[in-house]
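# Observations on the model geometry
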Amino acid sequence: MKSALLIVHRNIGDALRGEKIAVKAEKIRMGNVQAGSSHHQIQTLTLEDKVFCIIEIPLAASRK
Amino acid sequence: MQQIKTDAAALAQVRRQMRSIEEIAQDLPELSSSETLPIPKYVIEVKSHFFNWKAGASELGTYSPYETIIRIMQENAELRLENRKLATIAAKLDKRMNILESKLPGEENVVVLREITREEAKAEIANLFSEGQTLYYSDIATKLRLDLELVVDICNELMSEGEISVADSA
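One numbering rule holds for all chains: residues counted from 1, following each sequence as written. Lettering of chains starts at A and numbering of ligands starts at 1, both following the order in which they are written. Local features in a predicted model are, by the rule used here, given only for residues with pLDDT of at least 70; side-chain atom pairs are given and counted only at 80 or more, and totals for whole chains, interfaces and linings are based on all residues.

When its secondary structure is counted, chain A shows 0 helices and 5 strands. Counted from the first residue to the last, chain A has its helices and strands arranged as β-β-β-β-β. Counting all 64 residues of chain A, 5% fall into the buried class. Contacts here follow a simple rule: the backbone-placed C-beta atoms of the two residues must lie within 7 Å. The contacts of chain A with a sequence gap of at least 6 include a subset with a gap of at least 24, amounting to 45%. Under the scheme used here, helices are H or I runs from DSSP no shorter than 4 residues and strands are E runs no shorter than 2 residues, and both carry numbers assigned from the N terminus. Exposure is read from a count of other C-beta atoms within 10 Å of each residue's own; the residue is exposed at 12 or fewer, buried at 20 or more and partly exposed in between. C-beta atoms are placed from the backbone.

Moving on, we come to the interface of chain B and chain A. Contacts between the two partners involve 22 residues from chain B, matched on the other side by 16 residues from chain A. When contributions to the side of chain B that touches chain A are tallied by element, the ones reaching two or more residues are α5 (118-130), α6 (137-144), α7 (148-160) and β1 (164-166) of chain B. Tallying contributions element by element places α7(B) first for the side of chain B that touches chain A, with 6 residues. Pairing between two strands requires that DSSP report at least two bridges joining them. Pairing analysis gives 3 bridges linking strand β5 (residues 59-61) of chain A to β1(B), with the strands arranged antiparallel. Its bridge partner lying in β1(B), A:L59 is registered against B:V166.

As a further point, take the packing of α5(B) against α6(B). All names here are of chain B. Axes, fitted as lines to C-alpha atoms, cover a helix only where it is in contact. Angles between the N-to-C directions of the axes lie from 0 to 180 degrees. Relative orientation of the contacting elements α5 and α6 amounts to 115°, with a least axis distance of 11 Å. Classified by the angle their axes make, α5 and α6 are roughly perpendicular. By crossing handedness, the relation of α5 to α6 is classed as right-handed. Side by side, α5 and α6 meet where E124, I125 and L128 of the first sit next to I140, K143 and L144 of the second. Here roughly perpendicular refers to angles of 65 to 115 degrees, roughly parallel to angles under 35, roughly antiparallel to angles over 145, and oblique to all remaining angles. Crossing handedness is defined as follows: a turn of the near helix away from the far one that is anticlockwise and smaller than a right angle gives a left-handed crossing, while the clockwise case is right-handed.

All names here are of chain B. Per-residue confidence from the predictor is given as pLDDT, running between 0 and 100. Averaged over all residues, the pLDDT of chain B equals 76, while 58% of them reach at least 70. The model gives residues 31-36 a pLDDT under 50, and that stretch makes 4 contacts with residues more than four places away or in other chains. Predicted complex, confidence summary: ipTM 0.82, pTM 0.53.

All right, on to the packing of α5(B) against α7(B) then. Residue and element names in this part refer to chain B. One way to put it is that α5 packs onto α7 with a least axis distance of 10 Å and a crossing angle of 70°. One way to sum up the angle between α5 and α7 is to call them roughly perpendicular. Of the two possible hands of crossing, α5 and α7 adopt the one that is right-handed. For the pair α5 and α7, contact is made by A121, K122, I125 and A126 and by L150, V151, I154, C155 and L158, respectively. The residue makeup of the contact of α5 with α7, split by class, is 8 nonpolar, no polar and 1 charged. Just so you know the grouping, Ala, Val, Leu, Ile, Met, Phe, Trp, Tyr, Cys and Pro go in nonpolar, Asp, Glu, Lys and Arg go in charged, and all remaining residues, Gly too, go in polar.

Most often, soluble globular proteins have nonpolar side chains that are buried together. Any set of buried Ala, Val, Leu, Ile, Met, Phe, Trp, Tyr and Cys residues joined through C-beta atoms within 7 Å is what this text calls a nonpolar core. Residues B:I125, B:Y137, B:I140, B:V151 and B:C155 are the most contacted members of the largest nonpolar core, which totals 17 residues. Taken together, the elements giving at least two residues each to this core come down to α5, α6 and α7 of chain B. Take this core: its biggest share by element is 5 residues, from α7(B). In this structure, B:Y137 is in contact with A:A22, A:I54, A:E56, B:L148, B:V151, B:V152 and B:C155, ignoring residues within four places of it in sequence.

The next thing to look at is the environment of B:I154. All names here are of chain B. Positionally, I154 belongs in helix α7. Separated by 33 residues in sequence, I154 and A121 place their C-alpha atoms 8.0 Å apart. Once you skip the residues sitting within four places of it in the chain, I154 turns out to touch A121, K122 and I125.

For the rest of this paragraph, the subject is α7(B). The span one expects for a helix is its residue count, reduced by one, times 1.5 Å. Taking 1.5 Å per residue, 13 residues should reach 18 Å; α7(B) reaches 18 Å between its end C-alpha atoms and fits that length. Of all the positions in α7(B), only B:V151, B:V152, B:I154, B:C155 and B:M159 are classed as buried. Contacts from the buried residues of α7(B) go to β4 (52-55) and β5 of chain A together with α5, α6 and β1 of chain B. Positive phi shows up at B:G162, right after α7(B), with a value of about 85°.

In structure tokens:
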């Protein structure tokens, strides 16, 4: 069984990298769209106030 | 755009193939007929104008009936063209507005989080997993209308208890 230990990063400058990240925040400001190839556009946004982010992992009931 | 071209072609055809005044007047619907659709005002005007003109009692200015018919039909075709153009613009604007609206945090997207106890939330999350689904934190938070942070916390607890685990597909 893979383990999932929650480490909370609070320091300014800490980064998150993942394929899918769930977020919540009081303010979400949409940024610009950075054009890449036609199928790979990157969009930026800024989260402000009471921000919480978590790198998503697919979860399922354990096989017993 | 194709429709606009078709209308323009139809207008040109009307101009080319306009029949005699007598034939046109014969084709106009009877004013007394009980039609399900109302007779357009211009048809009544043209027919009335034609018969008055024939009787030498036209009061509609210097236009002959033929000129009146051409003028009104041209006007009608131009208005139809204009209408098509406006409909095309309206459709484009509607499409753009839908895209913009979908990007705004609309009222439909506002979810009121439920205020339930931690134990109740834990039971509901466990119940969700018992259905055999593979879920992300955000899926659970959305489905159960729970705070994301609470969901993450409870899922970690369930993982430490061995109730759930990272799906094999990960």
